[in-house]
Amino acid sequence: MTRRVVITGLGAISPVGNNVAESWDSAVQGRSGVRRITLLDPEPFTSQIAGEVKDFDPQAHLDRKVARKTDRYTQFALVAAREAYESSGLKDSGISPERLGTIIGSGIGGIDTMEQNHKKALERGASRISPFFCPMMISNMASGWVGIDLNAKGINLATVTACASAGHAIAMSFDAIKLGRADAMVTGGSEAPITLMGLGGFCAMKALSTRNDDPLTASRPFDRDRDGFVMAEGGAVVVLEEYEHARKRGADIIAEVAECGMTCDAHHITAPAEGGEGSARSMSLVLSRAGLSADRVDYVNAHGTSTQLNDISETQAIKTALGAEHSGRVMVSSTKSVTGHMLGAAGAIELIYTALAIRNSVVPPTATLQNPDEGCDLDYVPGEAREANIDFALSNSLGFGGHNVTIGVAKI
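Residues numbered from 1 in each chain as written. Predicted model: local features only at pLDDT ≥ 70, side-chain atom pairs only at ≥ 80, totals over all residues. Heavy atoms only, no water.

**Quick look at the packing of helix α1 (residues 20–29) against helix α15 (residues 346–360)**
It is the contact of α1 with α15, at a shortest axis distance of 11 Å, that shows an interaxial angle of 75 degrees. Our classification of the angle between α1 and α15 gives roughly perpendicular. In this structure, α1 contributes Val20, Ser23, Trp24 and Ala27 to the contact, and α15 contributes Ile352, Tyr353, Leu356, Ala357 and Asn360. Across the contact of α1 with α15, the residue classes tally to seven nonpolar, two polar and no charged. (Axes fitted to C-alpha atoms, helices over the stretch in contact; angles between N-to-C directions. Helix = DSSP H or I, 4+ residues; strand = E, 2+ residues; numbered from the N terminus. Parallel < 35°, antiparallel > 145°, perpendicular 65-115°, else oblique. Contact = heavy atoms within 4.5 Å. Nonpolar A, V, L, I, M, F, W, Y, C, P; charged D, E, K, R; others polar.)

Right under this line is the structure:
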């Protein structure tokens, strides 16, 4: 029997909302969450803007002891996972804990914990390093804590593939269910990179936007005036479930994950392969494995970072994968235009947006796009959301190291 995989729960805490409903509404309305940085003094940095999570008090969501023993990225993962799990209805379904798994990705992990304890060690001696330092800092701990919190005793691991981390977590969770190794997976990504070293490192690369005087339009994918991505933080989690398992318990099925594609550029540590070759293959893999022709694709939620190389190469990749003629008819948008780039969590929040676009028949816009760059000549749904029936969509994630992931999502 072929096992199908569906989405039954969604959870998010993002720069544009502290739950899924708020995050979706902001994306559809084109409300940017980018502001001047408040988590640290931004003055020494060339980029002084970011997509911060607003009004977040971990002790309002978590037990005080848990909040004390977890890094901010883990806290985001826990909040998002709880929302996703509760919305799925699995909590009261009687699912065996051994058949429930967890994969949560993070590109950087507990970088704030690392920095704080390094500072203590230098200023006050090694004896001042926290006994919680290692388990707070390591990149698998978000997945570990979610497993503890939800009593999920099945597969539990973390993916660390830069900005493709959440995409890989979801793709591997999809495989686990398809192969019969789990009946449901709590999966996604989380990131809290707005720290001295996180911000400073990307500034040193000259990868970030320096549109400090206009943060609301600083993240402008596919626009000729784009000048880099905007760093962002947050967590996003989905519940994937085997279709018959979900149907028999009367779950609210949001959409179906039809297939996933994972490839490597094998080209460069940061730059995409020429023509977006690796990303084109990941999209083509989804279609071939799902047995679909390219003309079945109605919408692509692009990785769309607002960097010079990404936006051109991803446009070329879409043209290659979908064909010159059909790619011109497909709606493409980058929700990073409002959220900024949530790094290891980006693939999960963008899958949520893709699934809700299918369910609600609304495509969120590339909100800040005003003047498409030369070579960026697709339908990027500029400015305003668009009502449209979507039967099949692709969600792309690309990461430093040449990692490419595409999730194919279908109306159920």
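**Focus: the pairing of strand β13 (residues 392–399)**
Look at any regular strand and the pattern is simple: side chains alternate between the two faces of the sheet. Within β13, eight of the eight residues are buried, leaving the element largely enclosed by the surrounding structure. Of the two faces of β13, the one lined by Phe392, Leu394, Asn396 and Leu398 and the one lined by Ala393, Ser395, Ser397 and Gly399 are each fully buried. Sheet topology places strand β9 (residues 299–301) next to β13; three bridges connect them, and they run parallel. Following the sheet pairing, valine 300 is matched in β13 by leucine 394. Judged from the eight bridges that link them, β13 and strand β14 (residues 403–410) form a sheet pairing that is antiparallel. Counterpart to phenylalanine 392 in the pairing with β14 is alanine 410. Between the antiparallel neighbours β13 and β14 lie three residues, among them glycine 401 with a positive phi of about 100 degrees. (Buried < 20%, exposed > 50% of the residue type's maximum accessible area, 1.4 Å probe, protein only. Pairing = 2+ DSSP bridges.)

**Focus: helix α8 (residues 165–178)**
Under the 1.5 Å per step criterion, the end-to-end length of α8 is 20 Å for 14 residues, consistent within 8% with the ideal 20 Å. Most of α8 is tucked away, with eleven of its 14 residues classed as buried. Buried residues of α8: Ser165, Ala166, Gly167, His168, Ala169, Ile170, Ala171, Ser173, Phe174, Ala176 and Ile177, and no others. (Expected span 1.5 Å × (residues − 1).)

**With respect to the pattern of salt bridges**
A complete count under the given rule lists 20 salt bridges for this structure. Taking the shortest distance from any N to any O, the salt bridge between arginine 36 and glutamate 43 comes out at 2.9 Å. A relative accessible area of 41% means that arginine 36 is categorised as partly exposed. One continuous salt-bridge network, built from bridges that share partners, spans Arg3, Arg99 and Asp183. (Salt bridge = Lys/Arg side-chain N within 4 Å of Asp/Glu carboxyl O.)

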